[in-house]
Amino acid sequence: MILEALVSQLEQRFQHEKRARICLWFDERSEFARLLPLLDAHVASRTKPPFVLLAYDKAQRHGQIWLKHQVHQRFEAASPAERASLRVVVYVPLPEERLDATNRDDEVCLDLLEEFRAIGVFFRIGGKRPTLFSFLKQAGVALPDGPSDQRRLYEGGRDSLLAKYSAKFVDRPPVFWETTLTPDVAQSRLIGDVDQTILELAADPDTAWAALHEKGLGQELAVMVKERYGFEAPGRAPTEWVREFVTTVALTETFFGYGEPADFPLKNKLPPLPVRAHHVALVHRWLRDAEYRPAWDRRVEEVETDVDLSAWADGHPAGRSVAFPHLVWQRWRRTWQEFEAASAKESSTESFFSKTRAVLAEQAEFLKARDQEIGHWQLLRDLDALVTACARARKDVNASDEPHAHVALFVKHAREIDGAHLEIRYAAEEAGLPAVAKVADRAYASYTNALNEAFFKQIAAAKSLDGLGLPGVTQQLEKSIWKGHGRRAVIIVDALRYDCAVAIGEHLRGQSVEITPVLAMLPTITPVGMTAMLPLSGSTVEVELKQNSLHPKVGGKDFAARAARLTFLDEFGADCRDISEVESASVLPDAGDLLVVYGHEEVDSIGHGQAETLIRHVHLEIERLARLVRKFHRWGYGHVHIVTDHGFILLDEQKLPSEVECDKSWCHVLKERYAIVPASADIPLVTLPLSWAPEYRVAVPPGLAFFKAEKSFSHGGAALQELVIPHLVSRGQAPQGKRVALEVVLPTFELQRPAVKVTVRVAASAAQKDAQLPIFSESGRTLSLEVLRRAADGSATSVLASKAKELRIEPKDKEQSVTLFFHTAASFQKGELLELDIRDVETTEQFPPGGIKLTVGRDM
């Protein structure tokens, strides 16, 4: 719009004086100078340019003689027909009065252009000398009416807001210019988000400030920072300015966080009252920004060498500021002492959380993006959620009197209670906070004991597991897997609790995941559960009891042995592979349509060995199984099933109910969580049917109790955590084409600061390069970005402030950028080589192959 309007105005001047071949365009304040190269390119792009644009430019030695020579040359080179229509616009960024200056004047004399005045015409807009403001108004741009706003727009000539704004947005459509162009609008659109600009400035002050000046936007930023924050623009080194700015905003947030106390020790450093709210808002935004949070942490650590408010804050325990780490640490130590004192009793724990809930949420929120912890606020917040969920669920247990309702309660709360308990126990052990583990165990035990005691009463009265509203595992898998069609993969897991399957589903982004609660076979032990999952249609299962163990048999073969079960599956037509073979393979040649993966026994094996180890390990197995599911989808399996033989109990031994007497003489088999007894026996125990052998029944202790002493991890009985097992199905479109191609772009390979900005772009596929439509769409990637320092022995360590950064990029994305900040404790020598390692987290493919070498450009 703008360039077309300018061309139109110039053409009108030639139409006004048809004999004129030259238009002299004087621009006293150089307001149009930024538009000139854009105008020249625009005119030249036309099939038949309306005129030739020449410019007086002293720096390029394009003076009067050059201009006259260019005009003469153009006319000489043109044919008679071309000469008749040839027009030349001569742009001169000087006052028009210079035509009348003499050589005795101190100013530039343009007497050599006198000839052009005689045979040409002057550029005018509305009969007056052109200004950028008058031109834009004539072009239909909405401009302010107030003289003050108008001056703020046009003052500064070439460096005015109006000149910079017009040049930057020259290609925008008419609708863009309908918004009234006030100085504030111009500044905000030129600079963009001023807060974001400050964050970028803090990350790399020298580079960011130089870039702003190169764009001619330094003055605009200075004005905006002054107006919004009452802070003067950098009149010294940008790094010093950033440090002073961070000091001011951190103090302001602290002042507000402590309730604007009258005795605040550094009041003289606070900004004017009207702008203080902006300081607080900026700090809160900055602390939440995952990309720029490391810059804040680095800068505020520098500030803390001079600012220590600990002694003062000690007398203000109600403060909740988040800007200064030393104050957050002080608050955490106080909060932790209060928690430890309250953790001994359930009532005092609930009182503690009721009092501190808001503080925990606030502190955790502002620490999410920080790489290093300042206390364990989120852990206490998660513990509060668990305690609250357990108390609420206990009320639901008491209100339910049907076993199917207890099953529904368990399924509903599995992730937020059973799963959360595991995660909190793991986090508490990692952090070395036994009081957290103690409270988590107490809350979880109160819920799961109450739930299972109530459930047990119902099934004891019914003497059966009928009426639970769950399909049996054999029937469920027969219908959905063994009698299914198409390419499908089955992962058999030994001991997978329902909440773990839900967690696996959460890891499977982009897939359609369905988890069906299924009833495991009693007793909930591996030989029985593994046999119950087989395609048993048309087969008879017999039971042999020997050496205090139960052995299911099919066709005379002992299915307590894995080899017998695998032979059965092979004969059924399944392609059985060990999990280690599958995990290590990048491709699986000749894999069958029904792929069965066996050998995942880590949960059961570790749990029986040491429950504490299992707590540290469960999350790794969840991630492992999710990776395996994604791999199968890549290999073309549209449906991937995860199935299991039984769940498990995992509870602190001190929270387990007491042992229940079970005389060995009553039993053919006696284990910790079950016993096999004759169906005809009259014993003082609850017994349930053994489906494969009506001559026997399974005796089970109440709830989570035991017949014999057992460790924290166990299974075999009729607790909901053992009986209700998951059948997970992931339905994903098997990728027919390749994953999206990527290219990595860096602004420099020589580092001048302890950080590197990485841009990942979606590269055109071969089909796109050939202007052909691909038959199959490409799939996205999740990338891991890491910067490594390699030792002489070949070992590599990360230099990042946090763990490797993850970045998800889809085919529709043009590009994504991320800044990797190095650890503040690390030092680097000029000339040192670092490695930028970018990999697909699923395929381990590296971008680009071999990685990228970074050179440290200075000592840091």
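All of these numbers come straight from a predicted model, not from anything done at the bench. (Residues numbered from 1 in each chain as written. Predicted model: local features only at pLDDT ≥ 70, side-chain atom pairs only at ≥ 80, totals over all residues. Heavy atoms only, no water.)

A.B. asks: Describe in detail the packing of aromatic side chains, supporting the description with residues and values.
C.D. replies: Within the structure shown, the criterion is met by 33 aromatic pairs. Taken together, a centroid distance of 5.1 Å and an interplanar angle of 70° make the contact between W25 and F32 edge-to-face. By the burial criterion, W25 is buried, and F32 matches it. Summarising the aromatic geometry, the rings of W286 and W296 are spaced 5.0 Å apart at their centres and angled 65° between planes, so their arrangement reads as edge-to-face. You can see W286 sitting in helix α14 (residues 276–288) and its partner W296 sitting in helix α15 (residues 293–303), a full 10 residues away along the chain. Accessibility classification places W286 together with W296 in one group, the buried group. Through a chain of ring-to-ring contacts, the aromatic side chains of W332, W336, F339, F352, F353 and W377 assemble into a single cluster. (Phe/Tyr/Trp six-rings, centres within 6.5 Å; stacked < 30°, edge-to-face > 60°. Buried < 20%, exposed > 50% of the residue type's maximum accessible area, 1.4 Å probe, protein only. Helix = DSSP H or I, 4+ residues; strand = E, 2+ residues; numbered from the N terminus.)

A.B. asks: Talk me through the sheet that holds strand β12 (residues 639–644); I want residue IDs and the actual numbers.
C.D. replies: Here we have 6 strands laid out as an open sheet, ordered β6-β19-β12-β5-β11-β10, and mixed in their pairing. Edge positions in the sheet fall to β6 (512–519) and β10 (575–578), since each has one partner strand and no second. Ignoring which end each strand starts from, the neighbouring axes of this sheet average 20° apart. Strand direction decides the pairing type here: β6 and strand β19 (residues 724–731), joined by 8 bridges, are antiparallel. What sits directly across from L519, in β19, is V724. With respect to the sheet, helix α28 (residues 611–634) is in contact with β5 (488–493), β11 (594–600), β12 and β19, its orientation differing from that of β5 by roughly 165°. (Pairing = 2+ DSSP bridges. Axes fitted to C-alpha atoms, helices over the stretch in contact; angles between N-to-C directions. Contact = heavy atoms within 4.5 Å.)

A.B. asks: Go over the pattern of salt bridges with me, naming the residues and quoting the values.
C.D. replies: Summed over the entire model, instances satisfying the criterion amount to 47 salt bridges. Here E365 ties to K368 by a salt bridge, and the two come within 3.4 Å at their closest N and O atoms. The exposure class assigned to K368 is exposed, which follows from its relative accessible area of 58%. A salt bridge links D840 to R781; the shortest N-O distance between them is 2.9 Å. (Salt bridge = Lys/Arg side-chain N within 4 Å of Asp/Glu carboxyl O.)

A.B. asks: Hey, could you go over helix α2 (residues 36–44) for me, with residue numbers and the actual values?
C.D. replies: Looking at α2, one finds that the buried residues are L36, L39 and V43. Along the axis of α2, the buried residues cluster in a sector spanning 60°; they form a single face. Residues P37 and A44 are exposed on α2 and point more than 90 degrees away from its buried face. Lining the buried residues of α2 we find α1 (2–16), β1 (22–26), β2 (52–55) and β3 (88–92). (Arc of directions from axis to C-beta.)

A.B. asks: Tell me about the sheet that holds strand β7 (residues 541–546), and name the residues and values.
C.D. replies: Pairing within the open sheet is antiparallel, and its 3 strands lie in the order β7-β8-β9. On the outer flanks of this sheet lie β7 and β9 (557–558), each paired with one strand and no other.

A.B. asks: Summarise the side chain of R124; cite the residues concerned and give the values.
C.D. replies: Examined against the element boundaries, R124 turns out to sit in the loop between β4 (121–122) and α6 (132–138). Residue classification places R124 among the buried positions, given a relative accessible area of 19%. Beyond its immediate stretch of four places on either side in the chain, R124 contacts Q9, R13, E96 and R129.

A.B. asks: I'd like a description of the pairing of strand β28 (residues 852–856), backed by residues and values.
C.D. replies: Going residue by residue along β28, you find I852, L854 and V856 tucked away on one face and K853 and T855 left uncovered on the opposite face. Pairing of strand β21 (residues 750–751) with β28, which is carried by 2 bridges, proceeds in the parallel orientation. Across the sheet, the residue bridging to E750 is T855, located in β28. One ladder, built from 4 bridges, connects strand β27 (residues 833–840) with β28; its direction is antiparallel. Paired with L834 across the bridge in β28 is L854.

A.B. asks: For the environment of F572, give the residues involved together with the corresponding values.
C.D. replies: Position of F572 relative to the elements: it lies in helix α25 (residues 562–572). C-alpha separation for the pair F572 and A532, spaced 40 residues apart in sequence, amounts to 15 Å. Residues in contact with F572, not counting those within four places in the same chain, are W482, P535 and L594.

A.B. asks: How would you explain the nonpolar core if you had to name every residue and give the values?
C.D. replies: Residues F339, L380, L383, V436 and V596 are the most contacted members of the largest nonpolar core, which totals 104 residues. When residues of this core are assigned to their parent elements, the largest contribution, 15 residues, is made by helix α21 (residues 434–462). Aside from chain neighbours lying at most four places away, what touches L383 is F339, F353, I424, V436, V439 and A440. One finds A5, V246, Y292 and A295 within the second-largest nonpolar core, a separate group that totals 86 residues. (Core = buried A, V, L, I, M, F, W, Y, C linked by side-chain atoms within 4.5 Å.)

A.B. asks: Break down unusual backbone geometry for me, citing the residues and quoting the values.
C.D. replies: Following L522, the chain continues to P523 via a peptide bond in cis, the omega torsion being -10°. Along the polypeptide, P523 turns up in the loop between β6 and α24 (526–532). Omega for the peptide link from F847 to P848 comes to -20°, which places this bond in the cis form. Checked against the element boundaries, P848 lands in the loop between β27 and β28. Notably, R61 is not glycine yet its phi reads approximately 60°, a positive angle. As for its position among the elements, R61 is in the loop between β2 and α3 (64–77). Looking at R61, the relative accessible area reads 75%, which means it is exposed.

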